[in-house]
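# Chains, contacts and geometry: an overview
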Amino acid sequence: MAQHILKRPRRRASVHWLWLGIPLVLAVLAAYVWLRILGEEQALASDSGVVAAESSVQPGSSNDTASAPEPPRLLEQQVAALGEAFGGDVGIIVQPAGGGWSAEFNGDMVLPQQSLSKLWVAAAILDRVDRGELTLDQQLTLTSADLSIFHQPIRKQILAAGRYQVSIAELLRYAMTQSDNTANAVLFRQAGGQAGVMRFLASRGLSEIQMATSETDLQMGIAGMQWRSAYSYGRNFWTARAALPFDHRAKALGAYLADPPDGATPRGYAKGLGLLAQGKLLRPQTSAYLIGLMGQSKTGPQRLRGGLPPAAPGADPGLTPDAAGVAQSGWTLPHKTGTGQVLKQLATAYNDVGILTAPDGRRYILTVMIGSTNRSVKERQEMMQAVTRSVIACDEAGMCRS
(Lines give C-alpha, C1' and ligand atoms only; values in the text may rest on other atoms or scores of the structure.)
Protein backbone atom coordinates (compact mmCIF):
# COMPACT_ATOMS: atom_id res chain seq x y z
CA MET A 1 0.00 0.00 0.00
CA ALA A 2 2.82 2.29 0.86
CA GLN A 3 4.48 1.50 -2.40
CA HIS A 4 1.27 2.27 -4.26
CA ILE A 5 0.94 5.63 -2.56
CA LEU A 6 4.54 6.48 -3.45
CA LYS A 7 4.04 5.72 -7.16
CA ARG A 8 0.96 7.88 -7.67
CA PRO A 9 2.65 11.27 -7.41
CA ARG A 10 5.11 10.15 -10.08
CA ARG A 11 2.26 9.30 -12.45
CA ARG A 12 0.62 12.65 -11.79
CA ALA A 13 3.93 14.44 -12.35
CA SER A 14 4.42 12.57 -15.63
CA VAL A 15 0.93 13.44 -16.78
CA HIS A 16 1.43 17.02 -15.69
CA TRP A 17 4.62 17.50 -17.70
CA LEU A 18 3.12 15.73 -20.68
CA TRP A 19 0.24 18.17 -20.86
CA LEU A 20 2.64 21.07 -20.56
CA GLY A 21 4.95 19.65 -23.25
CA ILE A 22 2.31 19.07 -25.90
CA PRO A 23 1.46 22.80 -26.39
CA LEU A 24 5.17 23.63 -26.46
CA VAL A 25 5.86 21.07 -29.18
CA LEU A 26 2.87 22.25 -31.17
CA ALA A 27 4.03 25.85 -30.86
CA VAL A 28 7.49 24.90 -32.15
CA LEU A 29 6.00 22.95 -35.05
CA ALA A 30 3.69 25.84 -35.92
CA ALA A 31 6.57 28.28 -35.88
CA TYR A 32 8.61 25.96 -38.10
CA VAL A 33 5.76 25.64 -40.59
CA TRP A 34 5.21 29.39 -40.69
CA LEU A 35 8.91 30.01 -41.24
CA ARG A 36 8.91 27.55 -44.14
CA ILE A 37 5.84 29.18 -45.64
CA LEU A 38 7.34 32.67 -45.32
CA GLY A 39 10.64 31.48 -46.75
CA GLU A 40 8.96 29.90 -49.75
CA GLU A 41 6.89 33.06 -50.32
CA GLN A 42 10.04 35.19 -50.22
CA ALA A 43 11.82 32.82 -52.58
CA LEU A 44 8.82 32.92 -54.89
CA ALA A 45 8.79 36.71 -54.76
CA SER A 46 12.51 36.76 -55.46
CA ASP A 47 12.09 34.36 -58.38
CA SER A 48 9.21 36.48 -59.69
CA GLY A 49 11.43 39.53 -59.53
CA VAL A 50 14.12 37.73 -61.53
CA VAL A 51 11.56 36.61 -64.08
CA ALA A 52 10.20 40.15 -64.31
CA ALA A 53 13.69 41.55 -64.72
CA GLU A 54 14.54 38.98 -67.37
CA SER A 55 11.31 39.63 -69.23
CA SER A 56 12.16 43.33 -69.37
CA VAL A 57 15.44 42.71 -71.24
CA GLN A 58 15.09 43.88 -74.81
CA PRO A 59 16.04 41.53 -77.67
CA GLY A 60 19.58 42.09 -78.85
CA SER A 61 20.80 43.36 -75.47
CA SER A 62 23.88 41.87 -73.82
CA ASN A 63 21.71 40.02 -71.28
CA ASP A 64 19.47 38.43 -73.88
CA THR A 65 21.90 35.63 -74.68
CA ALA A 66 19.22 32.94 -74.62
CA SER A 67 17.40 34.48 -77.59
CA ALA A 68 20.48 35.62 -79.52
CA PRO A 69 20.56 34.05 -83.01
CA GLU A 70 23.19 31.41 -83.59
CA PRO A 71 25.95 32.38 -86.07
CA PRO A 72 26.11 30.46 -89.35
CA ARG A 73 27.80 27.21 -88.40
CA LEU A 74 30.20 27.07 -91.33
CA LEU A 75 31.32 30.68 -90.88
CA GLU A 76 31.78 30.13 -87.15
CA GLN A 77 33.99 27.13 -87.89
CA GLN A 78 36.00 29.07 -90.49
CA VAL A 79 36.64 31.99 -88.13
CA ALA A 80 37.74 29.62 -85.36
CA ALA A 81 39.96 27.68 -87.76
CA LEU A 82 41.63 30.85 -89.04
CA GLY A 83 42.34 32.01 -85.50
CA GLU A 84 43.63 28.63 -84.34
CA ALA A 85 45.82 28.12 -87.40
CA PHE A 86 47.32 31.60 -87.14
CA GLY A 87 48.17 31.21 -83.46
CA GLY A 88 49.42 33.82 -81.03
CA ASP A 89 47.44 36.75 -79.72
CA VAL A 90 44.76 37.22 -82.35
CA GLY A 91 41.12 38.21 -82.04
CA ILE A 92 38.52 37.97 -84.81
CA ILE A 93 34.86 38.98 -84.86
CA VAL A 94 32.34 38.91 -87.70
CA GLN A 95 28.74 39.98 -87.18
CA PRO A 96 25.88 41.74 -88.98
CA ALA A 97 26.05 45.52 -88.64
CA GLY A 98 22.65 45.53 -86.96
CA GLY A 99 23.64 42.98 -84.35
CA GLY A 100 22.30 39.48 -83.85
CA TRP A 101 24.70 36.60 -84.26
CA SER A 102 28.45 36.88 -83.85
CA ALA A 103 31.16 34.53 -85.13
CA GLU A 104 34.28 35.14 -83.10
CA PHE A 105 37.66 33.94 -81.93
CA ASN A 106 39.11 35.52 -78.77
CA GLY A 107 36.54 38.29 -78.93
CA ASP A 108 37.19 39.38 -75.35
CA MET A 109 41.00 39.43 -75.54
CA VAL A 110 42.51 42.85 -74.73
CA LEU A 111 44.85 43.79 -77.60
CA PRO A 112 46.76 46.97 -78.52
CA GLN A 113 45.03 49.31 -80.95
CA GLN A 114 47.80 51.56 -82.23
CA SER A 115 46.35 53.65 -85.08
CA LEU A 116 42.94 52.01 -84.84
CA SER A 117 42.37 54.54 -82.04
CA LYS A 118 42.30 57.34 -84.62
CA LEU A 119 38.76 56.18 -85.36
CA TRP A 120 37.62 57.16 -81.84
CA VAL A 121 39.47 60.48 -81.93
CA ALA A 122 37.69 61.32 -85.18
CA ALA A 123 34.34 60.22 -83.70
CA ALA A 124 34.87 62.37 -80.59
CA ILE A 125 35.69 65.38 -82.79
CA LEU A 126 32.60 64.81 -84.94
CA ASP A 127 30.48 64.48 -81.81
CA ARG A 128 31.64 67.98 -80.87
CA VAL A 129 30.67 69.09 -84.37
CA ASP A 130 27.23 67.53 -83.91
CA ARG A 131 26.84 69.47 -80.64
CA GLY A 132 27.89 72.76 -82.24
CA GLU A 133 31.16 73.08 -80.31
CA LEU A 134 33.32 72.82 -83.44
CA THR A 135 32.84 73.23 -87.18
CA LEU A 136 34.46 71.25 -89.96
CA ASP A 137 35.70 74.40 -91.66
CA GLN A 138 37.26 75.76 -88.45
CA GLN A 139 40.89 76.74 -89.12
CA LEU A 140 43.83 75.76 -86.90
CA THR A 141 47.44 76.91 -87.19
CA LEU A 142 50.10 74.21 -86.99
CA THR A 143 53.83 74.73 -86.38
CA SER A 144 56.82 72.44 -85.89
CA ALA A 145 55.86 72.23 -82.21
CA ASP A 146 52.81 70.19 -83.25
CA LEU A 147 54.82 67.47 -84.97
CA SER A 148 54.52 63.92 -83.67
CA ILE A 149 56.31 60.69 -84.57
CA PHE A 150 56.35 58.05 -87.27
CA HIS A 151 54.00 58.53 -90.22
CA GLN A 152 53.00 62.21 -90.64
CA PRO A 153 52.60 63.31 -94.28
CA ILE A 154 51.38 66.75 -93.14
CA ARG A 155 54.86 67.45 -91.75
CA LYS A 156 56.09 68.44 -95.21
CA GLN A 157 53.53 71.25 -95.47
CA ILE A 158 54.18 72.45 -91.91
CA LEU A 159 57.93 72.67 -92.38
CA ALA A 160 57.61 74.29 -95.81
CA ALA A 161 55.24 77.01 -94.56
CA GLY A 162 56.53 77.41 -91.02
CA ARG A 163 52.97 78.11 -89.89
CA TYR A 164 50.44 75.97 -91.71
CA GLN A 165 46.71 76.72 -91.57
CA VAL A 166 44.42 73.74 -91.96
CA SER A 167 40.74 73.01 -91.33
CA ILE A 168 39.41 70.35 -88.99
CA ALA A 169 37.92 68.60 -92.02
CA GLU A 170 41.36 68.43 -93.62
CA LEU A 171 42.93 67.12 -90.41
CA LEU A 172 40.27 64.40 -90.30
CA ARG A 173 41.09 63.46 -93.86
CA TYR A 174 44.82 63.23 -93.07
CA ALA A 175 44.20 61.15 -89.93
CA MET A 176 41.62 58.75 -91.36
CA THR A 177 42.87 58.24 -94.91
CA GLN A 178 46.65 58.43 -94.37
CA SER A 179 46.85 57.64 -90.63
CA ASP A 180 48.79 60.87 -90.08
CA ASN A 181 50.04 61.03 -86.48
CA THR A 182 50.48 64.81 -86.35
CA ALA A 183 46.96 65.43 -87.65
CA ASN A 184 45.62 62.96 -85.12
CA ALA A 185 47.58 64.54 -82.26
CA VAL A 186 46.08 67.96 -83.03
CA LEU A 187 42.58 66.48 -83.23
CA PHE A 188 43.19 64.57 -79.99
CA ARG A 189 43.85 67.84 -78.17
CA GLN A 190 40.76 69.42 -79.73
CA ALA A 191 38.71 66.47 -78.49
CA GLY A 192 39.87 67.06 -74.92
CA GLY A 193 42.75 64.61 -74.89
CA GLN A 194 42.52 61.23 -73.24
CA ALA A 195 39.79 62.32 -70.83
CA GLY A 196 37.67 63.84 -73.60
CA VAL A 197 37.80 60.81 -75.88
CA MET A 198 37.17 58.44 -72.97
CA ARG A 199 34.11 60.47 -71.98
CA PHE A 200 32.78 60.11 -75.50
CA LEU A 201 33.39 56.35 -75.49
CA ALA A 202 31.71 56.00 -72.10
CA SER A 203 28.68 57.94 -73.34
CA ARG A 204 28.25 55.31 -76.08
CA GLY A 205 28.72 52.36 -73.75
CA LEU A 206 32.09 51.44 -75.27
CA SER A 207 33.76 50.38 -72.03
CA GLU A 208 36.11 47.85 -73.66
CA ILE A 209 38.21 50.51 -75.40
CA GLN A 210 41.01 52.47 -73.71
CA MET A 211 42.95 55.52 -74.92
CA ALA A 212 46.61 56.29 -74.22
CA THR A 213 47.61 59.72 -72.91
CA SER A 214 49.24 60.68 -76.23
CA GLU A 215 50.89 59.16 -79.30
CA THR A 216 54.37 60.19 -78.23
CA ASP A 217 53.91 58.89 -74.66
CA LEU A 218 52.62 55.60 -76.06
CA GLN A 219 55.47 55.06 -78.51
CA MET A 220 58.17 56.12 -76.05
CA GLY A 221 56.83 53.72 -73.45
CA ILE A 222 56.85 50.84 -75.93
CA ALA A 223 60.49 51.54 -76.80
CA GLY A 224 61.57 52.33 -73.23
CA MET A 225 62.59 55.89 -74.15
CA GLN A 226 61.88 59.49 -73.18
CA TRP A 227 60.34 61.86 -75.71
CA ARG A 228 62.48 64.45 -77.47
CA SER A 229 61.17 66.81 -80.12
CA ALA A 230 64.10 65.81 -82.34
CA TYR A 231 62.40 62.43 -82.82
CA SER A 232 59.86 64.15 -85.08
CA TYR A 233 62.49 64.59 -87.78
CA GLY A 234 64.16 62.22 -90.20
CA ARG A 235 65.49 58.97 -88.76
CA ASN A 236 66.37 60.40 -85.34
CA PHE A 237 63.97 58.16 -83.43
CA TRP A 238 65.01 54.99 -85.24
CA THR A 239 68.70 55.77 -84.66
CA ALA A 240 68.20 56.40 -80.94
CA ARG A 241 66.04 53.29 -80.52
CA ALA A 242 68.55 51.09 -82.35
CA ALA A 243 71.24 52.14 -79.86
CA LEU A 244 69.28 50.69 -76.92
CA PRO A 245 70.22 47.26 -75.51
CA PHE A 246 67.96 44.46 -76.72
CA ASP A 247 67.04 43.45 -73.16
CA HIS A 248 65.92 47.01 -72.40
CA ARG A 249 63.64 47.12 -75.42
CA ALA A 250 62.31 43.60 -74.85
CA LYS A 251 61.37 44.46 -71.27
CA ALA A 252 59.54 47.64 -72.32
CA LEU A 253 57.75 45.91 -75.19
CA GLY A 254 56.76 42.99 -72.97
CA ALA A 255 55.26 45.36 -70.39
CA TYR A 256 53.27 47.09 -73.13
CA LEU A 257 51.86 43.87 -74.53
CA ALA A 258 50.95 42.61 -71.06
CA ASP A 259 48.90 45.71 -70.28
CA PRO A 260 48.54 48.03 -73.30
CA PRO A 261 47.41 51.56 -72.34
CA ASP A 262 45.64 51.66 -75.70
CA GLY A 263 44.12 48.22 -75.20
CA ALA A 264 40.74 47.21 -76.60
CA THR A 265 38.82 44.03 -77.29
CA PRO A 266 37.64 42.94 -80.73
CA ARG A 267 34.16 42.76 -79.20
CA GLY A 268 34.38 46.41 -78.15
CA TYR A 269 35.39 47.38 -81.67
CA ALA A 270 32.58 45.36 -83.21
CA LYS A 271 30.09 47.13 -80.95
CA GLY A 272 31.42 50.58 -81.83
CA LEU A 273 31.52 49.87 -85.56
CA GLY A 274 28.00 48.48 -85.37
CA LEU A 275 26.78 51.72 -83.81
CA LEU A 276 28.60 53.68 -86.50
CA ALA A 277 27.11 51.58 -89.31
CA GLN A 278 23.61 52.06 -87.90
CA GLY A 279 24.02 55.84 -87.57
CA LYS A 280 23.88 55.64 -83.78
CA LEU A 281 27.47 56.46 -82.84
CA LEU A 282 26.95 59.98 -84.19
CA ARG A 283 24.09 61.65 -86.02
CA PRO A 284 23.21 59.60 -89.11
CA GLN A 285 24.64 62.17 -91.54
CA THR A 286 27.82 62.52 -89.47
CA SER A 287 28.19 58.76 -89.19
CA ALA A 288 27.97 58.52 -92.97
CA TYR A 289 30.65 61.23 -93.25
CA LEU A 290 33.04 59.24 -91.04
CA ILE A 291 32.36 56.02 -92.94
CA GLY A 292 33.10 57.93 -96.14
CA LEU A 293 36.52 58.90 -94.77
CA MET A 294 37.16 55.25 -93.90
CA GLY A 295 36.27 54.36 -97.47
CA GLN A 296 39.03 56.65 -98.73
CA SER A 297 41.72 55.03 -96.59
CA LYS A 298 44.99 54.45 -98.41
CA THR A 299 46.55 52.26 -95.72
CA GLY A 300 46.57 48.47 -95.61
CA PRO A 301 45.09 47.72 -99.04
CA GLN A 302 46.15 44.07 -98.73
CA ARG A 303 44.66 43.46 -95.30
CA LEU A 304 40.89 42.96 -95.03
CA ARG A 305 40.28 44.85 -98.25
CA GLY A 306 42.60 42.48 -100.11
CA GLY A 307 39.92 39.80 -99.77
CA LEU A 308 37.33 41.69 -101.84
CA PRO A 309 36.30 39.90 -105.04
CA PRO A 310 38.31 40.69 -108.16
CA ALA A 311 36.99 42.71 -111.03
CA ALA A 312 34.00 41.31 -112.88
CA PRO A 313 34.69 39.46 -116.17
CA GLY A 314 35.32 41.92 -118.95
CA ALA A 315 36.30 44.74 -116.63
CA ASP A 316 39.64 46.49 -116.94
CA PRO A 317 42.09 44.26 -114.98
CA GLY A 318 44.05 47.33 -114.01
CA LEU A 319 41.12 48.77 -112.07
CA THR A 320 41.45 48.81 -108.29
CA PRO A 321 39.00 49.86 -105.58
CA ASP A 322 38.16 53.52 -106.10
CA ALA A 323 38.29 56.37 -103.58
CA ALA A 324 35.12 55.13 -101.90
CA GLY A 325 36.55 51.65 -101.38
CA VAL A 326 34.31 50.07 -104.02
CA ALA A 327 35.60 46.93 -105.68
CA GLN A 328 34.52 46.14 -109.20
CA SER A 329 32.32 43.38 -107.78
CA GLY A 330 30.21 45.95 -105.93
CA TRP A 331 31.39 44.95 -102.45
CA THR A 332 32.78 47.80 -100.33
CA LEU A 333 34.97 47.83 -97.22
CA PRO A 334 35.55 51.19 -95.51
CA HIS A 335 38.18 50.39 -92.89
CA LYS A 336 40.86 51.58 -90.46
CA THR A 337 44.23 49.96 -89.85
CA GLY A 338 46.66 50.02 -86.96
CA THR A 339 50.30 48.92 -86.83
CA GLY A 340 52.71 48.75 -83.90
CA GLN A 341 56.45 48.61 -83.40
CA VAL A 342 58.61 45.62 -84.34
CA LEU A 343 61.44 44.05 -82.33
CA LYS A 344 63.57 41.59 -84.27
CA GLN A 345 61.00 39.13 -85.67
CA LEU A 346 58.20 40.10 -83.28
CA ALA A 347 55.58 42.35 -84.88
CA THR A 348 52.97 44.01 -82.68
CA ALA A 349 49.47 45.38 -83.23
CA TYR A 350 48.82 44.41 -86.83
CA ASN A 351 45.14 45.35 -87.08
CA ASP A 352 42.32 46.07 -89.48
CA VAL A 353 38.63 46.74 -88.83
CA GLY A 354 35.87 47.74 -91.19
CA ILE A 355 32.29 47.63 -92.46
CA LEU A 356 31.86 45.13 -95.29
CA THR A 357 28.89 46.02 -97.48
CA ALA A 358 27.28 43.77 -100.09
CA PRO A 359 26.13 45.11 -103.47
CA ASP A 360 22.51 45.08 -102.25
CA GLY A 361 23.34 46.94 -99.02
CA ARG A 362 23.71 44.18 -96.39
CA ARG A 363 26.52 45.06 -94.02
CA TYR A 364 28.86 43.10 -91.78
CA ILE A 365 31.33 44.22 -89.14
CA LEU A 366 34.81 42.75 -89.59
CA THR A 367 37.36 43.07 -86.79
CA VAL A 368 40.79 41.44 -86.88
CA MET A 369 43.37 42.37 -84.25
CA ILE A 370 46.79 40.75 -83.91
CA GLY A 371 48.47 41.63 -80.63
CA SER A 372 51.85 40.13 -81.46
CA THR A 373 53.15 37.59 -83.96
CA ASN A 374 56.26 36.16 -85.58
CA ARG A 375 54.42 35.46 -88.81
CA SER A 376 55.36 37.28 -92.00
CA VAL A 377 53.47 40.26 -93.34
CA LYS A 378 52.17 38.10 -96.19
CA GLU A 379 50.81 35.51 -93.75
CA ARG A 380 49.07 38.20 -91.70
CA GLN A 381 47.50 39.68 -94.80
CA GLU A 382 46.39 36.29 -96.09
CA MET A 383 44.63 35.51 -92.82
CA MET A 384 42.77 38.84 -92.93
CA GLN A 385 41.83 38.36 -96.58
CA ALA A 386 40.50 34.90 -95.74
CA VAL A 387 38.16 36.44 -93.16
CA THR A 388 36.74 38.79 -95.78
CA ARG A 389 36.35 36.04 -98.36
CA SER A 390 34.63 33.76 -95.83
CA VAL A 391 31.98 36.38 -95.04
CA ILE A 392 31.36 37.15 -98.70
CA ALA A 393 30.99 33.44 -99.52
CA CYS A 394 28.63 33.00 -96.54
CA ASP A 395 26.48 35.91 -97.71
CA GLU A 396 26.39 34.85 -101.35
CA ALA A 397 25.34 31.34 -100.28
CA GLY A 398 22.46 32.90 -98.32
CA MET A 399 23.72 31.54 -95.00
CA CYS A 400 24.69 34.85 -93.41
CA ARG A 401 21.54 36.80 -94.15
CA SER A 402 19.64 37.57 -90.97
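Note that the structure is predicted; figures quoted are calculated from it, not measured.

### What about the layout of surface pockets?
Its volume calculated, the second largest pocket comes out at about 390 Å³. If you trace the second largest pocket, you find 19 residues lining it, with S115, F150, H151, T339 and G340 closest to the centre. The set of elements that each furnish at least two residues to the lining of the second largest pocket consists of α8 (215–223), α9 (236–242) and β7 (335–339). Within the lining of the second largest pocket, the residues separate by chemical class into three nonpolar, 13 polar and three charged.

### Re helix α10 (residues 246–258)
Taking 1.5 Å of rise per residue, 13 residues should cover 18 Å, and α10 covers 18 Å from first to last C-alpha, within 8% of that figure. Inspection of α10 places R249, A252, L253 and Y256 among the buried residues, and these make up the whole buried set. Down the axis of α10, the sector holding all buried residues measures 95 degrees, keeping them to one side. Opposite the buried face of α10, at more than 90 degrees from it, the exposed residues are D247, K251 and A258. Those residues of α10 hidden inside the fold are in contact with β3 (111–112), α8, α9, β8 (342–343) and β9 (346–357).

### What about the nonpolar core?
Counting 54 residues, the largest nonpolar core has L119, W120, L171, V197, L276, L281 and L290 as its most contacted members. Among the elements that take part in this core, helix α3 (residues 118–130) stands out by supplying eight residues, more than any other.

### Here we look at the packing of aromatic side chains
Scanning all chains against the criterion turns up seven aromatic pairs. Ring geometry for W120 against Y269: centres 5.1 Å apart, planes inclined by 55 degrees, an arrangement best described as tilted. Of this pair, W120 sits in helix α3 while Y269 sits in helix α11 (residues 266–277), and the two are 149 residues apart along the sequence. With respect to burial, W120 and Y269 carry one shared label: buried. A cation sits over an aromatic face here: R303 above Y350, 3.7 Å from the ring centre. For R380, the ring lying beneath its charged end belongs to Y350, and the centroid distance is 4.8 Å.

### Examining empty space enclosed by the protein
In total, this model carries one cavity of 30 Å³ or more according to the counting rule given. Estimates place the volume of the largest cavity at around 40 Å³. Lining the largest cavity are I222, A223, R249, L253, Q341, V342 and L343. The set of elements that each furnish at least two residues to the lining of the largest cavity consists of α8, α10 and β8. Looking at side-chain class alone, the lining of the largest cavity contains five nonpolar, one polar and one charged residues.

### Remarks on α11
The terminal C-alpha atoms of α11 lie 16 Å apart, and with twelve residues this matches the ideal 16 Å at 1.5 Å per residue to within 8%. When you tally the buried positions in α11, you get ten out of twelve residues, the bulk of the element. P266, G268, Y269, A270, G272, L273, G274, L275, L276 and A277 are the residues of α11 that are buried. Backbone geometry just after α11 places G279 at a positive phi near 75 degrees.

Cut-offs used in this document
Residues numbered from 1 in each chain as written. Predicted model: local features only at pLDDT ≥ 70, side-chain atom pairs only at ≥ 80, totals over all residues. Heavy atoms only, no water. 1 Å grid on protein atoms, 1.4 Å probe; cavity = no way out; pocket = protein on both sides within 12 Å on 5 of 7 lines; lining within 4 Å. Points joined across faces, edges and corners; volume = space filled by probe spheres on them. Helix = DSSP H or I, 4+ residues; strand = E, 2+ residues; numbered from the N terminus. Nonpolar A, V, L, I, M, F, W, Y, C, P; charged D, E, K, R; others polar. Expected span 1.5 Å × (residues − 1). Buried < 20%, exposed > 50% of the residue type's maximum accessible area, 1.4 Å probe, protein only. Arc of directions from axis to C-beta. Contact = heavy atoms within 4.5 Å. Core = buried A, V, L, I, M, F, W, Y, C linked by side-chain atoms within 4.5 Å. Phe/Tyr/Trp six-rings, centres within 6.5 Å; stacked < 30°, edge-to-face > 60°. Lys NZ or Arg CZ within 6 Å of the ring centre and 35° of its normal.

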